[in-house]
Structure formats: C-alpha cells, structure tokens
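Spelled out from the first residue to the last, the chains are:
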Amino acid sequence: MNSSYFMNLEEKYGAHNYKPIPVVIERGERVWVWDVEGNRYLDMLSAYSALNHGHRHPKILKVLKDQLEKLTLTSRAFYNDLLGKFEQRLAEFAGYDKVLPMNTGAEAVESALKIARKWAYYKRGITMNQGNIIVVEGNFHGRTITIVSFSTEDQYKDGFGPFTPGFKVAPFGDARVIRDLIDDKTLGILVEPIQGEGGVRVPPEGYLKDLRAISSEHKILLMFDEIQTGLGRTGKMFAWQWEDAKPDVLILGKALGGGVYPVSAVLANDEIMDVLKPGDHGSTFGGNPLAAAVGIAAIDVLVEEKLDQRAKELGEYFLRQLRDIKSDYVKDVRGKGLLIGVEIKKEYGTARPFCEKLAKLGILCKETHDQVARFAPPLVIKKEEIDWALERIYKVLTEPIYNKGDAKKVV
Ligand SMILES: *Cc1c(COP(=O)(O)O)cnc(C)c1O
C-alpha cells in the first residue's frame, strides 16, 4: 500500500483536526522512523517532546512487556502494586511530597487548576469561587474548554464558548505586569518556562526567578507547565532549574510516558496536595499499573543515560551550528537544550514549506505558529546524526525558493 491509501483513509474517516506533513510512518527505532514506502527519516519533532527517550527504548519496552504479562488496569477503586512505587520514584526525583497521576497533559493541567483553586478557598482564605489565575499571552496548555478559555490563539477558541472565567492574561516575558495584575483574589500563576507551541519562545533571563519571588511574596501558587520542557528537554531535568525557581505545582506529561504510553502528573507538597479528599477528583486510567511501570522506567532511563546532560551539550552545539547558517529566510534561531526554533521571515511565507522540503530530504519537523520550524529530536540523538541533519537544514535554508506556491516572495 502506498502513502496516499493511508492518508485517504484518515481523510475520509478521521476528524480533520490536524494537517499532517504527508508522511505515513509505520516503524520507529531510537531517532529514526520509516514510512510505508520504506523511506527513512530522522525524527526531529519527537511527538512534541513525548519521545525524549527515542522510539521504542529497549528498557522501557521490556518493562512494558513484562507488565503486560502481569496486570494492566485496576482503576483506583483498588490499590495496585506499582502505583505507590511510581509516585515515590517521581516525587523523590522531582523533589515534591506528593504526586497526582493522570494520563494526558491537558488533564494534568486541569487537575492542577482544580487543586490550586481548592487550595485558595480552603487554605488561603480567598472568597469561595471568586479566585483568578494569571496566565501568559501565547500560552499552550492543552485543548479542553477551560484551558482554551485562557488561550490567546483565536483558532483554539473559535466556536467553543462559553468559556471558563477566572483567568487573567499577562504579556509574555514581563514579570512586572504580572505583579501589577495580582489582586486579592489572585491565587496563582500558570506558565510554561519556555513556550513550546507558542513558537519556542524563551523568556528573558531572570523571569522565572522573578515569578518565584512574586508568588512567594503574595502567597500565591507558582505553577509551571513542564509538559514539554521537563524531563531533560532543555538541558536540565526541569526547566525551572535554570533559574532555581522551583514552582509550588509542577505539571508533567509527554515524555513521562517514555514514548509508549500516556502518563501525566501533577506534583506538589502536602500542604497543597492534601486539599484533595477522596471523591474530589479522579481518573479511570490515571495511575494504572502499566502507566506506573512505564513511568518508573522513563525516569530511570533519563537518569541512567543522563539525557539532561546530553540535551545540554548537543543542544548548545546544534543551536550554535544553526545560528552559523547564513540564510536570507531566517529571522531568529532560539531555544534551550534540544528545544530549538528557527523563525522564518514573514516575507518568505510560513515555515511549512521548509518543513515539507526537509521531509523530502529525510528530516521530520513541524511548523508551530506558522513562522517557526521546531527542532526537538529525541535526547538520545548522536552528534553525527545532528550533523547529518545540519547538512540538510543548511541546504533547505540556503537554496533558492523556486516554487511560487512555497513563498510570497520568490528569489
Ligand atoms: C502538549 C502540551 C500540553 C497538552 O498535552 P496533551 O497530552 O496533548 O493533552 C500541555 N501543555 C504543554 C506545555 C504542552 O506542550
């Protein structure tokens, strides 16, 4: 079967909520994937950083297979012999008292918002159901109705109202405005340490530290959504470590599932997490034994293979090499660790045609926010593989644009 057969199937029977790069993948191993026609590609998207460990990491697969032979799902109506171990491993690894296990990122964010609100009313004395949370322009925290309620992206909201109240939006990267927005009903701040979907936007240095100070000063909760930046991606296990700005509530997802299974979590200390009482919140699949086994293995591999350190060293190299490419098309190259964005100047159209050309040369990446090509390979990538990619990226960023459809300005 050729690619178009599979693409047509999705087109006909699937909701059209994505516009994929036209590549049909059928196999993956470490940083490489193969399409149904036998072509090989270097995966530089890593499922939006859910594949930090690479495709089908042998250790994670082994744990998954072993657990499949034993027990997969119990629900939280009963205990299981792995959940507590996972919670302990994750809590100690990230430095918090307690873990709330969920499945997807959006669920974890929703859960964090619920915990923060409950904490505000029962512990902090904010008037019941009157609290507000400050978020930042350009945010991406998932797709549920509450989360898109505070998105600043029109398309994410269009046609989905009425929206959840209780959020205030601050401009990106400006801690002073956040301070000014705080009122007596503010209970927390929710931000991504680096905005991934927003276009790999790195806030000014000192920003996270300032938010930490502001939150402590006003006794409100600092919540970091590290679903994309956490677990080694930016060159530290958690992006907050770059500024020693440990949040009160840490939200993880994506790579916590080791590239094989959805696992997310909210972390906080007892004083906060203990607001949840039996029956307050739940998830049928959250904390299931398969997820717990995979989550433990995912953390083990991060630590054993020092994937944070790899991301730091290789990311610095990759960023430097990308910045050295002299391209008329590029407006900016930025990022931290192996989370890198190349912003294309608007007069040359969007980043999409560049990503499509790269796919033809064997590199998978995806545009975000129209202008930015995001390069975020699995953290297990080797330097030679980055060099292999750089040759091709160089070609695409320096060759003339012939096809008028590719860009507004043809050179
Ligand atoms: C991907 C992502 C989410 C949403 O995760 P899902 O698993 O897709 O629900 C939330 N926040 C950030 C920062 C993300 O990158």
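What counts, and at which threshold
- Residues numbered from 1 in each chain as written.
- Predicted model: local features only at pLDDT ≥ 70, side-chain atom pairs only at ≥ 80, totals over all residues.
- Heavy atoms only, no water.
- UniProt positions renumbered as here; feature names shortened; annotations may be inferred.
- Helix = DSSP H or I, 4+ residues; strand = E, 2+ residues; numbered from the N terminus.
- Rg over C-alpha atoms; globule rule 2.2 N^0.38 Å.
- Contact = heavy atoms within 4.5 Å.
- Areas by Shrake-Rupley, 256 points an atom, 1.4 Å probe, with all protein chains shown as cover.
- Lys, Arg positive; Asp, Glu negative; His and termini not counted.
- Charge placed at Lys NZ, Arg CZ, Asp CG, Glu CD.
- Domains from an automatic or database assignment.
- Buried area = accessible area lost by both parts, 1.4 Å probe.
- Salt bridge = Lys/Arg side-chain N within 4 Å of Asp/Glu carboxyl O.
- Polar contact = N/O pair within 3.5 Å; in protein donor to acceptor, adjacent residues only side chain to side chain.
- Nonpolar A, V, L, I, M, F, W, Y, C, P; charged D, E, K, R; others polar.
- Axes fitted to C-alpha atoms, helices over the stretch in contact; angles between N-to-C directions.
- Parallel < 35°, antiparallel > 145°, perpendicular 65-115°, else oblique.
- Left-handed = near helix turned anticlockwise from the far one by under 90°.
- Buried < 20%, exposed > 50% of the residue type's maximum accessible area, 1.4 Å probe, protein only.
- Pairing = 2+ DSSP bridges.
- Near = heavy atom within 4 Å.
- Core = buried A, V, L, I, M, F, W, Y, C linked by side-chain atoms within 4.5 Å.

- Within an unreviewed UniProt entry, the label attached to the protein chain reads ornithine aminotransferase, and the organism entered is Pseudothermotoga lettingae.
- Under the UniProt heading Sequence similarities (unreviewed entry), the note attached to the protein chain is "Belongs to the class-III pyridoxal-phosphate-dependent aminotransferase family."
- Comment text from UniProt for the protein chain, heading Cofactor (unreviewed entry), reads "pyridoxal 5'-phosphate".

## Overview of the overall build of the protein chain
- The helix and strand tally for the protein chain stands at 14 helices and 15 strands.
- Its C-alpha atoms give the protein chain a radius of gyration of 21 Å, near enough to 22 Å, the size a compact globule of 411 residues would have.
- Principal axes of the C-alpha set define a box for the protein chain whose edges measure 65 × 55 × 45 Å.
- In the protein chain, the proportion of contacts linking residues at least 24 apart, taken out of those at least 6 apart, comes to 73%.
- Total accessible area on the protein chain is roughly 18,900 Å²; 51% of this is exposed by carbon and sulfur atoms.
- Looking at the protein chain, you have 57 positive and 57 negative side-chain charges, and the mean spots of the two groups are 1 Å apart.

## Points about the domain arrangement of the protein chain
- One can read the domain layout of the protein chain as domain 1 (3-56 + 306-410) and domain 2 (58-304).
- The partner domain 2 presents 32 residues to the 31 residues of domain 1 that form the contact.
- Both faces considered, domain 1 and domain 2 share a buried interface measuring about 2,600 Å² in area, 58% of it formed by carbon and sulfur atoms.
- The largest contributions to the domain 1 side of the interface with domain 2 come from His53, Lys336 and Leu339, which together make up 26% of the buried area.
- At the junction of domain 1 with domain 2, the criterion picks out one salt bridge.
- Joining domain 1 to domain 2, the criterion identifies 19 residue pairs in polar contact (both at pLDDT 80 or more).
- Residue assignment for the side of domain 1 that touches domain 2 shows that the elements contributing at least two residues are helix H2 (46-49), helix H12 (307-324), strand E11 (330-336), strand E12 (339-344) and strand E15 (372-375).
- For the side of domain 1 that touches domain 2, a count of residues per class yields 14 nonpolar, 10 polar and seven charged.

## Things to note about the packing of helix H4 (residues 83-94) against helix H11 (residues 289-304)
- Where H4 meets H11, the closest approach of the two axes is 8 Å, and the angle between their N-to-C directions is 30 degrees. In terms of orientation, H4 and H11 fall into the roughly parallel class. The crossing of H4 and H11 is left-handed. Residues Leu83, Lys85, Phe86, Arg89, Leu90 and Phe93 of H4 form the contact with H11, whose own contacting residues are Ala292, Gly295, Ile296, Ile299, Asp300, Leu302 and Val303.
- Looking at the contact of H4 with H11 residue by residue, the classes come out as nine nonpolar, one polar and three charged.

## Looking at the pairing of strand E2 (residues 32-35)
- The side-chain alternation of E2 yields two buried faces, one formed by Trp32 and Trp34 and the other by Val33 and Asp35.
- Relative to E2, strand E1 (residues 25-29) runs antiparallel, the two sharing four bridges. Opposite Glu29, over in E2, you have Trp32 as the bridge partner.
- Hairpin connection between E1 and E2: a loop of two residues separates the two successive antiparallel strands, and Arg30 in this loop has a positive phi of roughly 55 degrees.
- Judged from the three bridges that link them, E2 and strand E3 (residues 40-43) form a sheet pairing that is antiparallel. Note on E3: the bridge partner recorded for Trp32 is Leu42.

## Considering the site of the ligand
- Around the ligand sit Thr104, Gly105, Ala106, Phe140, His141, Gly142, Glu192, Asp225, Ile227, Gln228 and Lys254, and that is every residue in its neighbourhood.
- At 3.4 Å, a backbone N or O of Phe140 approaches a nitrogen atom of the ligand.
- One of the side-chain N or O atoms of Lys254 is found 2.6 Å from an oxygen atom in the ligand.
- Here the ligand has 380 Å² of accessible area as a free molecule, and 80% of this is covered by the chains.
- Tallied by class, the residues present in the shell around the ligand amount to three nonpolar, five polar and three charged.

## Details of the nonpolar core
- With 94 residues, the main nonpolar core has Leu90, Phe318, Leu322, Phe375 and Ile393 as its most contacted residues.
- Looking at this core, the element that brings in the most residues is H11, giving 10 residues.
- Of the domains in this structure, domain 1 (3-56 + 306-410) and domain 2 (58-304) are the two that each give at least three residues to this core.
- Discounting residues that sit within four places of it in the chain, Leu322 has contacts with Val333, Ile340, Val342, Phe375, Leu390 and Ile393.
- Residues Leu113, Val135, Val249 and Met273 belong to the second largest nonpolar core, which totals 30 residues.

## Some points on the environment of Arg179
- Looking at the secondary structure, you find Arg179 in helix H8 (residues 175-181).
- Accessibility expressed as a relative area gives 34% for Arg179, which makes it partly exposed.
- Taking C-alpha positions, Arg179 is 9.8 Å from Ile134, a pair spaced 45 residues apart along the chain.
- Once you skip the residues sitting within four places of it in the chain, Arg179 turns out to touch Ile214, Glu217 and His218.

## A short note on the side chain of Glu367
- By secondary structure assignment, the location of Glu367 is in strand E14 (residues 366-368).
- A polar contact of 3.4 Å, which involves the side chain of Glu367, links it to the side chain of Arg352.
- Beyond its immediate sequence surroundings of up to four residues, Glu367 is in contact with Ile21, Ala351, Arg352, Cys355, Val372 and Ala373.

## Focus: the pattern of salt bridges
- Scanning all chains against the criterion turns up 24 salt bridges.
- Between Lys168 and Asp183 there is a salt bridge; the shortest N-O distance is 2.8 Å. One end of the pair, Lys168, is in strand E6 (residues 167-170); the other, Asp183, is in the loop between H8 and strand E7 (186-191), with 15 residues separating them in the sequence.
- Given the relative accessible area of 22%, Lys168 is considered partly exposed.
- Notably, a salt bridge pairs Arg352 with Glu356, separated by 2.8 Å at the nearest N-O pair. With Arg352 and Glu356 both in helix H13 (residues 352-360), this residue pair falls four residues apart, about one helical turn.

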